[in-house]
Amino acid sequence: MGQVTIYIDDDTEKKMAAAAKAMNISKSKWITNLIKEEVANEWPQAVVELAGAWDAFPSLEEIRAETGTDHQREPL
């Protein structure tokens, strides 16, 4: 297992420690979770489950048909 040393300011470290404690995990595990989220190459499961959730989603043409016309802008 690799090791990494990081340097962070005191305020950030306090916030990180509080977040890790709230999740009942070590600071190392908390940072590892953040890195894994940042380098993930796939959609989160919650997003995957949304596929097909909109049965009657309008087409682009239907959306644009209801936008109306632009008004003339005032000259500057």
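Details of the structure are given in the entry above.
Residues numbered from 1 in each chain as written. Predicted model: local features only at pLDDT ≥ 70, side-chain atom pairs only at ≥ 80, totals over all residues. Heavy atoms only, no water.

Undergrad: I tried to follow the overall build of the protein chain on my own but got confused; where do I start?
TA: Helix and strand content of the protein chain: four helices and zero strands. Ordered by position in the sequence, the α and β elements of the protein chain form the string α-α-α-α. In terms of overall size, the protein chain is more extended than a compact globule, its C-alpha atoms giving a radius of gyration of 24 Å where 76 residues would be expected to give roughly 11 Å. With the C-alpha coordinates aligned to their principal axes, the bounding extent of the protein chain is approximately 60 × 45 × 25 Å. Burial analysis of the protein chain (76 residues in total) assigns 3% to the buried set. Only carbon and sulfur atoms are counted for the fraction: they give 55% of the accessible area of the protein chain, which is about 8000 Å². (Helix = DSSP H or I, 4+ residues; strand = E, 2+ residues; numbered from the N terminus. Rg over C-alpha atoms; globule rule 2.2 N^0.38 Å. Buried < 20%, exposed > 50% of the residue type's maximum accessible area, 1.4 Å probe, protein only. Areas by Shrake-Rupley, 256 points an atom, 1.4 Å probe, with all protein chains shown as cover.)

Undergrad: Is there a simple way to think about the pattern of salt bridges in this case?
TA: In this structure the tally under the stated criterion is two salt bridges. When the shortest N-O distance is used, the salt bridge between Asp11 and Lys15 registers 3.3 Å. Taken as a pair, Asp11 and Lys15 lie in helix 1 (residues 10-22) at a separation of four residues, close to a single helical turn. A residue is classified by how much of its surface remains accessible, and Asp11, at 45% relative accessible area, is partly exposed. In this structure, Glu13 and Lys27 form a salt bridge, with 2.8 Å as the shortest nitrogen-oxygen distance. One end of the pair, Glu13, is in helix 1; the other, Lys27, is in helix 2 (residues 27-39), and 14 residues separate them in sequence. Classification of Glu13 as partly exposed rests on a relative accessible area of 26%. (Salt bridge = Lys/Arg side-chain N within 4 Å of Asp/Glu carboxyl O.)

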